[in-house]
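Structural description and commentary
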Amino acid sequence: QVQLVESGGGLVKAGGSLRLSCAASGRTYRRYAMGWFRQAPGKEREFVASISWSGTSTSYADSVKGRFTISRDNAKNTVDLQMNSLRPKDTAVYYCAASSLNEFAYWGQGTQVTVSS
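Residues numbered from 1 in each chain as written. Predicted model: local features only at pLDDT ≥ 70, side-chain atom pairs only at ≥ 80, totals over all residues. Heavy atoms only, no water.

1. Let's talk about the sheet that holds strand 7 (residues 68-73)
- In spatial order, the strands read 1-3-8-7; together these four strands make up an open sheet with antiparallel pairing. The sheet is open, and its two edges are formed by strand 1 (2-7) and strand 7, each paired on a single side. The mean angle between the axes of side-by-side strands here comes to 15°, regardless of whether they run parallel or antiparallel.
- Pairing of strand 3 (residues 18-26) with strand 8 (residues 78-83) involves six bridges; the strand directions are antiparallel. Bridged to Arg19 within strand 8 is Gln82. (Pairing = 2+ DSSP bridges. Helix = DSSP H or I, 4+ residues; strand = E, 2+ residues; numbered from the N terminus. Axes fitted to C-alpha atoms, helices over the stretch in contact; angles between N-to-C directions.)

2. Section: the packing of aromatic side chains
- On inspection of all chains with the given rule, the structure shows five aromatic pairs.
- Measuring from centroid to centroid gives 5.7 Å for Phe37 and Phe47, while their planes differ by 75°, and the two rings are edge-to-face. Linking Phe37 in strand 4 (residues 33-39) with Phe47 in strand 5 (residues 46-51), this pair joins segments that are ten residues apart in sequence.
- For Phe37, a relative accessible area of 11% translates into the label buried.
- Residue Phe47 is classed as partly exposed on the basis of its relative accessible area, which comes to 29%.
- Here the aromatic cluster, defined as three or more aromatic residues joined through ring pairs, consists of Phe37, Phe47, Phe104 and Trp107.
- If you follow Arg31 out to its NZ or CZ, it ends over the ring of Trp53, 4.5 Å from the centre.
- Here the basic side chain of Arg45 rests over the ring of Trp107, its NZ or CZ set 4.6 Å away from the ring centre. (Phe/Tyr/Trp six-rings, centres within 6.5 Å; stacked < 30°, edge-to-face > 60°. Buried < 20%, exposed > 50% of the residue type's maximum accessible area, 1.4 Å probe, protein only. Lys NZ or Arg CZ within 6 Å of the ring centre and 35° of its normal.)

Structure representation (structure tokens):
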């Protein structure tokens, strides 16, 4: 019902910043909550942040709280993840996802974020 495409990944030095963006298309008139997840090499996919349809409610993993900020613009059908004070352990493939009936059922292909020491 919805297609998601991430962008904005890349290589940054520790302490630097990146802004990821997820563009949605398809049945975007549905009121999807959105989330960001990441998967590092050899590790399970983990939750990073989420945001309600209205944008008034957000949630963050403890590992990124205070450093990352999730936001959305429903008029543009985008959700962003501002990442500051990046650390090498933040290196992972980052995925955006759309929640349907409280389940993240729709996923993008991911974008690589690499943080060097």
